[in-house]
Amino acid sequence: MALGEESGSGEWSDLVTTLAIGEEGGIGPEVPAPSALAQVFHVSPEFRAIRFETRDLRIHPVLGGISSTRWNAWTAFTATNSVLVSALAKRPALPLLRQLVPTLSTSIGPSPSLRLQVEPVVGSAARLPASGILSGDGRANLLVGSAAADVLLGWGASDRIAGGGGGDLLSGGAGGDRFTFRLPAAHNADAHPADTITDFQGAAGDRLVIRGMGSFLGLQPFSGAAGEVRFSPGLLQADRDGDAQADWQVNLPGVSGLRPQWLIAAGP
Ligand SMILES: [Ca+2]
Ligand SMILES: [Ca+2]
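A few points on the structure. Being a predicted model, the structure only gives us computed values, none of them experimental.

**Some words on the overall build of the protein chain**
On a plain count of helices and strands, the protein chain comes out with three helices and 19 strands. Looking at the protein chain as a whole, 49% of its 268 residues qualify as buried. In the protein chain, 47% of the contacts between residues at least 6 apart in sequence involve partners at least 24 apart. Only carbon and sulfur atoms are counted for the fraction: they give 55% of the accessible area of the protein chain, which is about 11,900 Å².

Written as structure tokens, this is what we have:
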């Protein structure tokens, strides 16, 4: 992984070792941050770049002043996920960004992140109250989207991700992640926008939980039974109302095959 720019009044490389950094971007819980460390989050105006900065509020014994280390986690995360980068670039900016954190120091006064409309949430689970970006961390997170279009980012570990309504952009990151969907009511199935999972990898443990699904047909065409689910490369489809036409779908870019055991049928 690449460490990003150094900033502040002096470099203090030891600071990096106080962080437990996940494989592709999470700040893990294994090493609790000392109280003098504060996590600060930066985003670009378009909310398409997320940076984590750890600021050490102790005075450096040699250089003096306060040092900070910025780690461009976004770059590390998206370096292996070009689909996510491309998809985000096509989406409008979302004004709400919630970032889960293991701990949050309250000794630093008003958080700069709040001025940037980033809302750190202490805990491993969170729900979006309105359309926005919900970013987990290196732990196993439970991420629940709003009824509108959201971006949910699981990062490391095995996350549970449920986008809810709207056309959601979902990315599980590393670990075997569980994506939960609910087939819409038959009468408005055609109006349901498609979700996209940018990094689904069944062989790596990712799973699709679909509430209300009937038979899984594999590559076979719909037979006209309500609730049937079928797969074609890059696309999971359901016929909610039994007219043999797809009226619900999840885009799975890059996925050429889908094993039945990667799908989990759940109650409505
Ligand atoms: Ca949603
Ligand atoms: Ca994950």
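**Focus: the coordination of the calcium ion (ligand 2)**
For the calcium ion (ligand 2), every protein donor is listed as Trp155 (O), Ala157 (O), Asp159 (OD), Gly172 (O), Ala174 (O), Asp177 (OD) and Asp177 (OD), and the spread of their distances is 2.3 to 2.9 Å. Here the donor residues of the calcium ion (ligand 2) share one chain and are spaced in sequence as W-x1-A-x1-D-x12-G-x1-A-x2-D. With Trp155 in the loop between β10 (151-153) and β11 (160-162) and Ala174 in the loop between β12 (169-171) and β13 (178-182), this residue pair connects regions lying 19 residues apart in the sequence.

**Brief notes about the coordination of the calcium ion (ligand 1)**
Those protein atoms acting as donors to the calcium ion (ligand 1) are Ser146 (O), Ala148 (O), Asp150 (OD), Gly163 (O), Gly165 (O), Asp168 (OD) and Asp168 (OD), and they sit at 2.3 to 2.8 Å. Each donor residue of the calcium ion (ligand 1) belongs to the same chain, with the gaps between them written as S-x1-A-x1-D-x12-G-x1-G-x2-D. Remark: Gly163 occurs in the loop between β11 and β12 and Ala148 occurs in the loop between β9 (142-144) and β10; sequence separation between them is 15 residues. When its relative accessible area of 34% is taken as the criterion, Ala148 is described as partly exposed.

**As for unusual backbone geometry**
Here Trp155, not a glycine, exhibits a phi torsion of approximately 60°, which is positive. Trp155 gets classed as buried once you look at its relative accessible area, which sits at 0%. Here the phi dihedral of Ala244 falls at roughly 65°; this positive angle occurs in a residue that is not glycine. Looking at where Ala244 falls in the secondary structure, it is placed in the loop between β17 (235-239) and β18 (248-251). We classify Ala244 as partly exposed; its relative accessible area is 31%.

**A few points about the pairing of β17**
Taking burial as the measure, the five residues of β17 include five buried ones, the bulk of the element. Where burial is concerned, the two faces of β17 agree: the one with Leu235, Gln237 and Asp239 and the one with Leu236 and Ala238 are both buried. What sits between the antiparallel neighbours strand β16 (residues 228-232) and β17 is a turn of two residues, in which Gly234 has the positive phi angle 80°. For β17 and β18, the ladder comprises four bridges, and the chain directions are antiparallel. Directly across from Leu235, in β18, lies its bridge partner Asn251.

**Comments concerning the nonpolar core**
Among the nonpolar cores identified, the biggest contains 29 residues, and Ile197, Phe200, Leu208, Leu236, Leu252 and Leu258 are the most heavily contacted of them. Among the secondary structure elements, those contributing two or more residues to this core are β13, β15 (207-211), β16, β17 and β18. Sequence-distant contacts of Ile197, that is, excluding residues within four places in its chain, are made with Leu170, Phe179, Phe181, Leu208, Val250, Asn251, Leu252 and Pro253. One finds Leu97, Ile133, Leu153 and Trp155 within the second-largest nonpolar core, a separate group that totals eight residues.

**Focus: the environment of Asn141**
Structurally, Asn141 is set in the loop between β8 (133-135) and β9. Among all residues touching Asn141, those that are not within four sequence positions of it are Leu100, Ser124, Gly136, Gly154, Ser158, Asp159 and Arg160.

**Points about the environment of Val151**
Of note, Val151 is situated in strand β10. A relative accessible area of 2% places Val151 in the buried class.

**Quick word on the sheet that holds β15**
The strand order across the open sheet built from six strands is β7-β9-β11-β13-β15-β19, with neighbouring strands paired in parallel fashion. Only two strands of the sheet have a single neighbouring strand rather than two, namely β7 (125-127) and β19 (263-266). If you compare each strand with its neighbour and ignore which way they point, the axes differ by 15° on average. When β15 meets β19, the two strands line up parallel, connected through four bridges. From the neighbouring strand, Ile210 faces β19, where its bridge partner is Ala265.

How each quantity is defined
Residue indices follow the written sequence of each chain, beginning from 1 at its first position. Key to labels: chains lettered from A, ligands numbered from 1, both in the order written. Totals for whole chains, interfaces and linings use all residues, but because this is a predicted model, local features are given only for residues with pLDDT of at least 70 and pairs of side-chain atoms are given and counted only at 80 or more. In computing side-chain properties, one takes all heavy atoms of the structure into account and sets aside hydrogens as well as water. Counting from the N terminus, the helices are the DSSP runs of H or I reaching at least four residues and the strands are the DSSP runs of E reaching at least two. Remark: exposure states derive from per-residue accessible area (1.4 Å probe, protein chains only) relative to the maximum for the residue type, with buried under 20%, exposed over 50%, and partly exposed in between. By definition, residues are in contact when any of their heavy atoms lie within 4.5 Å. Note that accessible areas follow from Shrake-Rupley with a 1.4 Å probe, and for residues the cover is restricted to the protein chains shown. Distances define the donors: N, O and S atoms within 2.8 Å of the metal qualify, as do those within 3.2 Å of Na, K or Ca. Water is excluded, so some sites may look unfinished. Strand pairing is assigned whenever DSSP identifies at least 2 bridges connecting the two strands. In this description, a nonpolar core means a group of buried Ala, Val, Leu, Ile, Met, Phe, Trp, Tyr and Cys residues linked to one another through side-chain atoms lying within 4.5 Å. Angular values range over 0 to 180 degrees, each being the angle between N-to-C directions of two axes fitted as lines to C-alpha atoms, with helices fitted over their stretch in contact.

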